[in-house]
Structures are given as C-alpha cells and as structure tokens.
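# Tertiary structure, described
The lines below spell out each chain.
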Amino acid sequence: MTPLSFARAADTAAAIGLAGAPGARYLGGGTNLVDLMRETIERPQALVDVTGLGSAIEDQADGGLMIGAAARNTAIAEHRSVRTRYPALSRAILAGASGQIRNMATLGGNLMQRTRCTYFYDDAAGCNKRAPGAGCDAIDGFNRIHAILGASPACVATHPSDLCVALAALDAIVHVEGPAGARSLELVELHRLPGGRPDIETVLAPGELITAVELPALALAARSTYRKVRDRSSYAFALISVAAALEVAEDGTIGDVRLALGGVAHKPWRARMAEAALRGGPATRSSFLAAAEAELVDAAPLSHNGFKVELARRTIVAVLGELAGDAA
Amino acid sequence: MLVGGLARLGLRAGPSPRDVPQNGATPPAAVPKGVDMPITINGQAVPIPVDVRTSLLDLLREQLHLSGTKKGCNQGACGACTVLVDGERILSCLALAAQYEGRSVVSIEGLTPDGELHPLQRAFINHDGYQCGYCTPGQICSAIGMADELRRGVPSAVTADLAATTMALTGDELRERMSGNLCRCGAHNGIVAAIAETFARTPAMAEAAE
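Residues numbered from 1 in each chain as written. Chains lettered and ligands numbered in written order. Predicted model: local features only at pLDDT ≥ 70, side-chain atom pairs only at ≥ 80, totals over all residues. Heavy atoms only, no water.

## Notes on the overall build of chain A
- Secondary structure summary: chain A contains 13 helices and 12 strands in total.
- Taking 2.2 N^0.38 as the reference for a compact globule, 328 residues should give roughly 20 Å; the C-alpha atoms of chain A span a radius of gyration of 20 Å, in line with that estimate.
- For chain A, the spread of C-alpha atoms along the principal axes amounts to about 65 × 50 × 35 Å.
- When contacts within chain A are restricted to residue pairs at least 6 apart in sequence, those whose partners lie at least 24 apart make up 63%.
- Carbon and sulfur atoms form 53% of the exposed surface of chain A, whose accessible area is close to 12400 Å².
- For chain A, the centre of its 32 positive side-chain charges and the centre of its 34 negative side-chain charges are spaced 5 Å apart. (Helix = DSSP H or I, 4+ residues; strand = E, 2+ residues; numbered from the N terminus. Rg over C-alpha atoms; globule rule 2.2 N^0.38 Å. Contact = heavy atoms within 4.5 Å. Areas by Shrake-Rupley, 256 points an atom, 1.4 Å probe, with all protein chains shown as cover. Lys, Arg positive; Asp, Glu negative; His and termini not counted. Charge placed at Lys NZ, Arg CZ, Asp CG, Glu CD.)

So this is what it looks like as structure tokens:
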C-alpha cells in the first residue's frame, strides 16, 4: 500500500508549501477524491486538507461577489446574494448531488472534480485519462453519456459539474495561488479540451491552488437560470444542462445574453456562437432555435448519444423561452 | 454508548504522538496536552485513527462497533451511511475521519439517550417506513439534518421562488430533499409519511408551512 500522510493547512502559504511534497494532492470535502482513492484511480502520497482556508462569500464594492474556494456547496446555494443576484448558480448547485454531498463538497473541489465516464472508473477498460496511451474504450463502447462537442480520438469524457456550467455562463474569474505567485483566469480557460492528453484536465501548474472564485457585477445575471436534463429527476448527473442569462429590451430585441452547456464536453461549454447569433436579434423562438443550431453545428455524436444534439437544442430553446417570458 | 474502552478498539497499533492513555477505561473527555483534538462521537472523545485512509464510517463501525450506521455502496450513492456532524448531514463513507478532528459527530445511536426513541423513529414504526431496515438509520439521520436545512430556509431544486425565506415541507420538497437516501425495498411512501408527520408538527415547520 502506498504510504499516505495527512496535514491540515493553516493558511494558503502553508498549503502550497505542503503541496510541494511528492505525490501531494489538495483535499476539499473528499466527495470525489476519497472515492477515487478507494478505487485506486487516484494514488496520492500526501493529502493537504484545504477545507480550513478561505470560505467567505463577500459582496464586492464593484457589485461583484467573491466566494472563498473552501465554501461548501450548500453555503453558496443558500447565500442571499447568490439567490437574488446570480440565481443560475444557486439553481445549478441545487440540481447537483444530494443534500449530504452538498454539505461536504467545496467550491474548489467542484472545479477540480474528475469525469464520471464509466470507463475511467473501470480499471479493466482502456482509458487514456486514467492510463495515458491505453486507448479509449468509450469511443466504440456504451457512450450514451459522453461528449458531443470538442472531443478527440483520445477521449470523449464529459466534465460532470453543474456548478461550473453556471460559472461559465456568469463570466466567473478563478483566483489561484502557487509556488510562482498569485494569478487569476477566466473559469472558461481553467479546463482543457482533451486533445492528445486527456489526463491533463486543467491549465493549473503543479502546486497551484484555487483560492477563490469571483463573480463580476453582471446586471442580467439577476435574470438567469439553470436547467438540467437527466435520467431521473434528482441525484443523477446531467445528460444535458443549460445555464443562461437574458436581457430583453423594451422593443423585444435581445440586449445581452450568456449561455453555457453542461454534459456535452470535456469542459463546461460556453456557447459563444449561440450568444453571437442572439445579440441584437428578436427574442423569439425562431431566433433561439437558430442560435442553438449555430452552437451545435459542429456536434459530433457517437454511436449512442445522438439524442444529445436534439436534447441540447430543445433545452436551449426552452430555457431562453423561459427567461424571455412574455417577450418570446 | 461506546462499547468498552479504547484499548479494546485497536485504534492504535503502536506509539504515536497522538496516543492517549489507553487503560481500558472510558475514553477521556479532555484532550491530553500535546495531543491532537479528537473527534467527539455521540458525546465521547475518540482519537483520530492512525491510518489516514480510515473513513468516518469505518471508524464508527469497525473500530467503535457502532454498527447502526450502515455501509451500503461505500461510494456516496445510497445515503445509508448518513450521520450528523455539528448538526449537518453528511455521508460518512466519503469522509476521511482525519478531516473531522475537533468536530462533533452524532450517529443513529446518539440521537437520544439509551432506550429512548426519537419522535422520527416512532413515526417510522407507525408508518412502516422500512422493510429490511438497512437504509433506515441513514434515512432518519438525513431527515433530521434536512429538517434543520428547511428551518433555516435553504432552498432546493424544486423551490419555485429562490428569494423566499421560508418553504413549506410539501411532498415535492420532501422527496427532492431526501433524494440522496435510497430504499431498495420500496418503502419510500412510508418514509415520506413518517418524515412529513414528524416535521410538520414542529412549530418552526408549521410556521414555514403557512
């Protein structure tokens, strides 16, 4: 058995120092990493518990909101500012996992969670993400839950987070600190597409730690929502999900829009082509459909997930229609 | 509540800086100087296991012989292992015990003094809220945590108005909030009836329902 040490970090600097040990991993609520360790997919030699670090949720002077990476999912979902100013984020969190898991899981851990591809979990299967070079058994396997956008011949896994889809739509900024100092990046730049290296899932350097996520001031975010389509109505991962914010002007045209998809790709998918098609146009069902088509034009379904293209199209149209209300 | 002294429980294989006196007596309530803060389990102080991999669930069942908490899937999918930590419901199978140093854990055995039933336990009996009983301790701990979340106004996926400060415990709300606890026997109707009856009766919940 691999030796394993455990240390609780007192502050960010201490955490980064402890993470310099060979085989070290940051540990949040444990809802994903502990499971993967038990399956021996993850084999850390040192755990650095970062749940004692910043977890505050604070309104910013510029109208934004800063959320410490150790904030628990429940704490974010129930926060008054999130519920009223960024409802898509609250809805996305509440659509994920169960009450017990939301009480444990942290924001940083949610961003860093790994795919739920069944072949990734099955150590008898070929998986380039788990064992680089081993091939991908999902591509010709049972791939109903897999990606339709941005996949590669090496990997067709999806990112499982609901929360990240809302963050992608809401222009979230991720703050990180590491051995080389602090920096920030857009949430949509954090996760990678698989390409030839599906084992590398984010752009974070070794030892870099997510310390906070910032939601910029965004007036239309107050009119945002999240819809998740899955095989059962609760406690299941998304087949398709849509996070959106919409601002419709008095003349019935779309002033501004944010749109992101979940369950479709190796990363939370910001639907910029759809957004471009929508801005300035009429807030009508036919525009919503045209925008969905624009985003899905490059969709490349596998043998069992062709339904996702149509499901994504319909869910986008339904969510935009809901946000447009009487305007549509 | 704990069966016997710590020495019998085999919590430590050898000397360690965290060792507490192991004389076969009741576990010490106070933390000896220079020793890590223990976990409090059903009111009693318990040292952190030596093996970092030990889950809170295995600490309860295998080391403390508190077998009321059940191991169902051991991967966070069934809710049978639900316990309360500082009043909040969590899954003990996904919790490394080492992370819960200094926290207060209550399992099904610790809900009430020995020999007494919690009102929700009585309601489960009255409503046939179980068949084989394996999911029952997790259902009960989860429902108690759920009721606290509802009291403080935590919304759920089926809450229509996110801005609302109170929500009624409707059938839809109850089922959604309890969706993390599976019952393979199919006793869900009895479970829902027992939870609804118990928590619709409390003043805070009745107020929320108005």
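## Here's the deal with the overall build of chain B
- A tally of helices and strands in chain B yields seven helices and five strands.
- Burial status across chain B gives 51% buried among its 210 residues.
- When the accessible surface of chain B is split by element, carbon and sulfur atoms take 51% of a total near 9100 Å². (Buried < 20%, exposed > 50% of the residue type's maximum accessible area, 1.4 Å probe, protein only.)

## A word on the packing of aromatic side chains
All names here are of chain A.
- As enumerated under the stated definition, the model contains one aromatic pair over all chains in all.
- Consider the rings of Phe-120 and Tyr-121, whose centres lie 5.9 Å apart with planes at 85 degrees: the pair is edge-to-face. The pair formed by Phe-120 and Tyr-121 is uniform in burial state, with each residue classed as buried. (Phe/Tyr/Trp six-rings, centres within 6.5 Å; stacked < 30°, edge-to-face > 60°.)

## Structural notes on the pairing of strand S10 (residues 240-248) of chain A
Residues and elements named next belong to chain A.
- Of all nine residues in S10, seven are buried; the element is thus mostly enclosed.
- Alignment of strand S9 (residues 224-229) against S10, held across six bridges, turns out to be antiparallel. Across the sheet, the residue bridging to Ser-224 is Ala-245, located in S10.
- Here S10 runs beside strand S11 (residues 254-262); their pairing, made up of eight bridges, is antiparallel. The residue of S11 that forms the bridge with Leu-246 is Val-257.
- Linking S10 back to S11 in an antiparallel pair, the connection comprises five residues, with Gly-252 at a positive phi of about 85 degrees. (Pairing = 2+ DSSP bridges.)

## Some thoughts on the domain arrangement of chain B
Residues and elements named next belong to chain B.
- Here chain B is described as being made up of domain 1 (1-110) and domain 2 (119-209).
- Surface buried jointly by domain 1 and domain 2 totals about 1300 Å² across both partners, of which 54% is contributed by carbon and sulfur atoms.
- Along the contact surface separating domain 1 from domain 2 lie two salt bridges.
- Linking Glu-88 and Arg-152 is a salt bridge whose minimum nitrogen-to-oxygen distance equals 3.6 Å.
- Partitioning the side of domain 1 that touches domain 2 into residue classes produces six nonpolar, six polar and four charged. (Domains from an automatic or database assignment. Buried area = accessible area lost by both parts, 1.4 Å probe. Salt bridge = Lys/Arg side-chain N within 4 Å of Asp/Glu carboxyl O. Nonpolar A, V, L, I, M, F, W, Y, C, P; charged D, E, K, R; others polar.)

## Observations concerning the pairing of strand S3 (residues 46-49) of chain A
Residue and element names in this part refer to chain A.
- Side-chain alternation along S3 places Ala-46 and Val-48 on one buried face and Leu-47 and Asp-49 on a second face that is also buried.
- Summarising the sheet, strand S1 (residues 5-8) and S3 pair through four bridges and their orientation is parallel. Paired with Phe-6 across the strands is Leu-47, a residue of S3.
- Judged from the four bridges that link them, strand S2 (residues 24-27) and S3 form a sheet pairing that is parallel. By the bridge assignment, Tyr-26 is partnered in S3 with Val-48.
- This β-α-β element, S2 to helix H2 (residues 33-38) to S3, shows right-handed connectivity. (Right-handed = clockwise from strand over helix to strand, strands pointing away.)

## Points about a nonpolar patch on the surface
Residues and elements named next belong to chain B.
- Together, Leu-117, Ile-125 and Tyr-130 make up a nonpolar patch on the protein surface, roughly 250 Å² of accessible area in all.
- Its place among the elements puts Leu-117 in the loop between strand S5 (104-106) and helix H3 (119-126).
- In this structure Leu-117 comes out as partly exposed when scored by relative accessible area, which is 40%. (Patch = residues over 30% accessible without salt bridge, like charges linked within 9 Å, V, L, I, M, F, W, Y side chains within 5 Å.)

## Re the layout of surface pockets
- Its boundaries defined by the atoms lining it, the second largest pocket holds a volume of some 570 Å³.
- Looking at the lining of the second largest pocket, the elements with two or more residues in it are S9 of chain A together with helix H5 (171-177) and helix H6 (188-200) of chain B.
- Examining the composition of the lining of the second largest pocket, we find that four residues originate from one element, S9 of chain A, more than from any other.
- Counted by class, the lining of the second largest pocket contains 10 nonpolar, seven polar and eight charged residues. (1 Å grid on protein atoms, 1.4 Å probe; cavity = no way out; pocket = protein on both sides within 12 Å on 5 of 7 lines; lining within 4 Å. Points joined across faces, edges and corners; volume = space filled by probe spheres on them.)

## Quick notes on the interface of chain B and chain A
- Taken together, the contacts link 43 residues of chain B with 39 residues of chain A.
- Between chain B and chain A, a total of about 3200 Å² is buried, with carbon and sulfur atoms accounting for 50% of that surface.
- In this assembly, chain B and chain A are joined by one salt bridge.
- Residue Arg-152 of chain B is joined to Glu-78 of chain A by a salt bridge in which the shortest nitrogen-to-oxygen separation is 2.8 Å.
- Put simply, the parts of the chain that give the side of chain B that touches chain A at least two residues each are strand S4 (88-91) and helix H4 (136-151) of chain B.
- Per-element tally for the side of chain B that touches chain A: the top contributor is S4 of chain B, with four residues.
- A breakdown of the residues in the side of chain B that touches chain A according to their chemical character gives 19 nonpolar, 15 polar and nine charged.

## Things to note about the sheet that holds strand S2 (residues 44-46) of chain B
Residues and elements named next belong to chain B.
- Pairing is mixed across the open sheet formed by five strands, whose spatial order is S2-S1-S5-S3-S4. Every other strand in the sheet has two partners, leaving S2 and S4 as the edge strands with one partner each. Mean inter-strand twist for the sheet, computed between neighbouring axes without regard to direction, equals 40 degrees.
- Here helix H2 (residues 56-63) sits on the sheet and contacts strand S1 (39-41), S2, strand S3 (82-85), S4 and S5; the angle it forms with S1, its principal contact strand, is near 55 degrees.
- Running over the sheet, H4 touches S3 and S4 and is turned about 40 degrees from S3. (Axes fitted to C-alpha atoms, helices over the stretch in contact; angles between N-to-C directions.)

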